[in-house]
Amino acid sequence: MKQVGRELGVRYVLEGSVRKAGGRVRITAQLIDALIGAHLWADRFEGSLDEVFELQDRVAISVAGVIEPTLRQAEIERARHKRPDSLDAYDLYLRALPFAYTSMPEDADRALGFLEQAIKLEPDFAVAHAIIAWCQEQRYLRGGLDQDTKATALRHARLAIAAGGETPRRWLSPVS
């Protein structure tokens, strides 16, 4: 799975299989962190071939419903292992998280206050830029589709990518 992730240029891989026996079908799916090979989620779905489309819908709904929160939690766990040079910036980032993930524009505004202070202290704080991009996206989608907000989200997403890549060595804790 690690090689597949490298070849595809992705961190997470959704893998599955389909088996048929008589008039029944079994579908398995698992979400894997390709970088470290860890399984984040797995499930099995069974049904009759006569109801294959209903089974397909169940699988799609289940997978779609679990991927976003599972990936969010995995990224939060990954971010916990990162330590920027400025502990004040890290503290501000942590204070922003509860507001950032409510998906409400007014909470995004509260998170942005903390995050903007954090990047003033640590301009290359990739995860703070990424959360700013997320908050700006929430403001854009739920706050009237303002093009300036969209541009700000894209700018911070690009800054996060440029500064981030994988976990910067200088942010790793000694036990990582």
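Scroll up for the structure.
Predicted model, so just to flag it, every value in this text is computed and none were measured.

Caption draft 1: Looking closely at the overall build of the protein. The number of helices and strands found in the protein is six helices and three strands. Here the protein, with 176 residues, has 38% of them falling under the buried criterion. Within the structure as shown, the protein displays about 10,600 Å² of accessible surface, and the carbon and sulfur contribution to it stands at 54%.

Caption draft 2: A look at the packing of helix 4 (residues 105–121) against helix 5 (residues 126–142). One can describe the packing of helix 4 onto helix 5 by two numbers: an axis separation of 9 Å at closest approach and a directional angle of 155°. Of the possible angle classes, the one that applies to helix 4 and helix 5 is roughly antiparallel. When you trace helix 4 past helix 5, the crossing you get is left-handed. The segment helix 4 lies against helix 5, with Pro105, Ala108, Asp109, Ala111, Leu112, Leu115, Glu116 and Ile119 engaging Ala128, His129, Ile131, Ile132, Cys135, Gln136, Gln138, Arg139 and Arg142. The residue makeup of the contact of helix 4 with helix 5, split by class, is 10 nonpolar, three polar and four charged.

Caption draft 3: Inspection of the packing of aromatic side chains at higher detail. Counted according to the given criterion, the structure contains four aromatic pairs. With a centroid separation of 5.9 Å and 35° between ring planes, the pair formed by Tyr90 and Tyr93 is classed as tilted. Of this pair, Tyr90 and Tyr93 both sit in helix 3 (residues 87–100), three residues apart, which is roughly one turn of the helix. Assigned by exposure class, Tyr90 and Tyr93 land together as buried.

Caption draft 4: Fine view of helix 5. With 17 residues, helix 5 extends 24 Å between its outermost C-alpha atoms, agreeing within 8% with the 24 Å of an ideal straight helix rising 1.5 Å per residue. Among all positions in helix 5, only Ala126, Val127, Ala128, His129, Ile131, Ile132, Ala133, Cys135, Gln136, Gln138 and Tyr140 are buried. After helix 5 finishes, the residue Gly144 shows a positive phi value of roughly 110°.

Caption draft 5: Focus on the pattern of salt bridges. The tally for this structure, following the rule as stated, stands at five salt bridges. Salt-bridge contacts for Arg11 lead to Asp33; the nearest nitrogen and oxygen are separated by 3.1 Å. Placement of Arg11 in the loop between helix 1 (2–8) and strand 1 (12–21) and of Asp33 in strand 2 (residues 24–33) is noted, with a sequence separation of 22 residues between them. Asp33 sits in the buried class, given a relative accessible area of 5%. A salt bridge links Glu46 to Arg44; the shortest N-O distance between them is 3.3 Å. A relative accessible area of 33% means that Glu46 is categorised as partly exposed. What you see here is one network of salt bridges that share partners, running through Arg26, Arg44 and Glu46.

Caption draft 6: Structural detail: helix 4. With 17 residues, helix 4 should reach 24 Å at 1.5 Å per residue; the first-to-last C-alpha distance of 24 Å fits that figure. Those residues of helix 4 lying buried are Pro105, Asp107, Ala108, Ala111, Leu112, Phe114, Leu115, Ala118 and Ile119.

Caption draft 7: Inspection of the side chain of Asp33 at higher detail. A polar side-chain atom of Asp33 sits 3.1 Å from a polar atom in the side chain of Arg11. Setting aside residues no more than four positions away along its own chain, Asp33 makes contact with Arg11, Tyr12, Ala38 and Leu40.

Caption draft 8: Summary view of the nonpolar core. One finds Tyr93, Ala111, Leu115, Phe125, Ile131 and Cys135 to be the most contacted residues of the largest nonpolar core, which totals 21 residues. Those elements that provide at least two residues to this core are helix 3, helix 4 and helix 5. At eight residues, helix 3 tops the list of elements feeding residues into this core. Of all hydrophobic cores here, the second largest spans 12 residues; its members include Ala29, Phe45, Leu55 and Val63.

Cut-offs used in this document
- Residues numbered from 1 in each chain as written.
- Predicted model: local features only at pLDDT ≥ 70, side-chain atom pairs only at ≥ 80, totals over all residues.
- Heavy atoms only, no water.
- Helix = DSSP H or I, 4+ residues; strand = E, 2+ residues; numbered from the N terminus.
- Buried < 20%, exposed > 50% of the residue type's maximum accessible area, 1.4 Å probe, protein only.
- Areas by Shrake-Rupley, 256 points an atom, 1.4 Å probe, with all protein chains shown as cover.
- Axes fitted to C-alpha atoms, helices over the stretch in contact; angles between N-to-C directions.
- Parallel < 35°, antiparallel > 145°, perpendicular 65-115°, else oblique.
- Left-handed = near helix turned anticlockwise from the far one by under 90°.
- Contact = heavy atoms within 4.5 Å.
- Nonpolar A, V, L, I, M, F, W, Y, C, P; charged D, E, K, R; others polar.
- Phe/Tyr/Trp six-rings, centres within 6.5 Å; stacked < 30°, edge-to-face > 60°.
- Expected span 1.5 Å × (residues − 1).
- Salt bridge = Lys/Arg side-chain N within 4 Å of Asp/Glu carboxyl O.
- Polar contact = N/O pair within 3.5 Å; in protein donor to acceptor, adjacent residues only side chain to side chain.
- Core = buried A, V, L, I, M, F, W, Y, C linked by side-chain atoms within 4.5 Å.

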